[in-house]
Amino acid sequence: MGGQAKGKKKNKPKRKENRSNKDAGIVGLTPQERMKVRMHEKAKKKTAEKYSVQQLLEKTEECMESFDFETAGLFCQRALDVESNNLQALDMLGHIHSELGDTQKAKEVFLQAVQVSPDVGHSKYMYLGQINSGQEAVNYYTRGIQVMLSALEKQEQTTQPQAAAAAPPEEDPERPTAKDISVAYCSIAEIYLADLCMEEGAADKCRESIERALQYHYDNPEALQLMASYLFSTERNQEGKEYLLKSVGLWLPAQGAASSSTEEDLQNLIPPYESRITTAKLLMESEEYEMAVDVLEGLLEEDDEVVQVWYLSGWVCYLQLEKAKEPQESEGRGVTEEDKEEQKALTEAARSYLTNAKKLYSKLRCDDQPVLEHVEQLLGELGGELEAEEGDPVLDDDYEPCSDEEEGDVAEAPMEH
């Protein structure tokens, strides 16, 4: 009996201690806050009983694929309530916050992922590189590259003994590829071309990053275009033009055959929207006007809400017009009827594009004064804004940019002024 009584005395303070630890997290909270915490704990328990983490992440992915990021965030948060250090869930939630425009929350989530697993999983470092700038961004990209190289080395070590196996291993979305490494080096090169261009040794670091990008993916259009940009910046224009034309030649034919290609194939072949805007600028600088027109037409078909694309389309027509006048001026010959028709068509096209650029600039309340001033200067030289009845239709005064619903399931591209 004595032994049993002694056992009961030991149990009492233990139960009291457990309860004290359980309530430690709500000490100092108001009754309403305590109620919220307890309801949240009940919801977590109910979720864990009803759905597995994998099921919640599958629902998250479904919502992300349909661009319903608000709902995706709810499912992903539920998964993290059940398993707070799940790397896949952290990566997905960080991406969701980034898509919703909450950069600070995205950064916090990715940094949590870094703490949980600093040496496994490169995507968190790529995202951190994107949402930071300058040397901090370079550091994140560099760390991500190190993680990818380590993963590829381990992959080679494990696949060599299995080389004779009949079935290939399953695709792992987190498994890096040589192309991923190339893209990361491109991101570093872009920073040295822009944010860190004035830093000591920036040009050498830029070229080194581009060369490594091409080493891992020799026909990466973005890496080839970056090499062209670098060479143009160092006044090696002919060499730069060769790289540029090689880059464009890898993807422009695919843009023209878009109807016969799947969306996934196009995403793999064609560079991002902003990169193609740069392509158009470089082609104009190289006086490859017709190819620039092809690039710009593809951009307008993809997204007609970007002021800069309308502006560049008008400008390239103006440059074509100026070039068409050169033989007459240099040779001192008269203007033929064919010359007049060509110049009239180019003038009207330029006025139409530039008029649309100006109207859209006003509707979207853009803040890029140099672009607006150049648009107005070009229009002044061409005869002013084009009225709708004078030529091709221009944007109406009540024009509203098209929405995702009007465009079907096409993702909204980032606005570029």
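Everything numeric in this text was worked out from a predicted model, so none of it was measured. (Residues numbered from 1 in each chain as written. Predicted model: local features only at pLDDT ≥ 70, side-chain atom pairs only at ≥ 80, totals over all residues. Heavy atoms only, no water.)

Turning our eyes to something else, we now look at the overall build of the protein. Per the secondary structure count, the protein includes 18 helices and zero strands. Within the protein, the fraction of its 417 residues that count as buried is 37%. When contacts within the protein are restricted to residue pairs at least 6 apart in sequence, those whose partners lie at least 24 apart make up 61%. Split by element, the accessible area of the protein, about 25400 Å² in all, is 48% carbon and sulfur. (Helix = DSSP H or I, 4+ residues; strand = E, 2+ residues; numbered from the N terminus. Buried < 20%, exposed > 50% of the residue type's maximum accessible area, 1.4 Å probe, protein only. Contact = heavy atoms within 4.5 Å. Areas by Shrake-Rupley, 256 points an atom, 1.4 Å probe, with all protein chains shown as cover.)

Between helix α5 (residues 87-99) and helix α6 (residues 103-116), the shortest axis-to-axis distance is 8 Å and the interhelical angle comes to 160°. When the axes of α5 and α6 are compared, the pair comes out roughly antiparallel. At the point where α5 passes α6, the crossing takes the left-handed sense. In this structure, α5 uses Leu87, Leu90, Asp91, Leu93, Gly94, His95, His97 and Ser98 to contact α6, whose residues at the interface are Lys105, Ala106, Val109, Phe110, Gln112, Ala113 and Val116. (Axes fitted to C-alpha atoms, helices over the stretch in contact; angles between N-to-C directions. Parallel < 35°, antiparallel > 145°, perpendicular 65-115°, else oblique. Left-handed = near helix turned anticlockwise from the far one by under 90°.)

For helix α7 (residues 123-131), the full list of buried residues reads Ser123, Lys124, Tyr125, Met126, Leu128 and Gly129. Contact partners of the buried residues in α7: α5, α6, α8 (134-159) and α9 (178-193).

Within the secondary structure, histidine 95 sits in helix α5. Not counting residues up to four positions away in its chain, the partners in contact with histidine 95 are Met64, Phe110 and Tyr127.

Our next topic: helix α17 (residues 337-363). Taking 1.5 Å as the rise per residue, α17 with 27 residues should run 39 Å; its terminal C-alpha atoms sit 39 Å apart, in good agreement. Remark: arginine 365 follows α17 within two positions and exhibits a positive phi of approximately 50°. (Expected span 1.5 Å × (residues − 1).)

As far as function goes, none of this settles anything; it's purely spatial.
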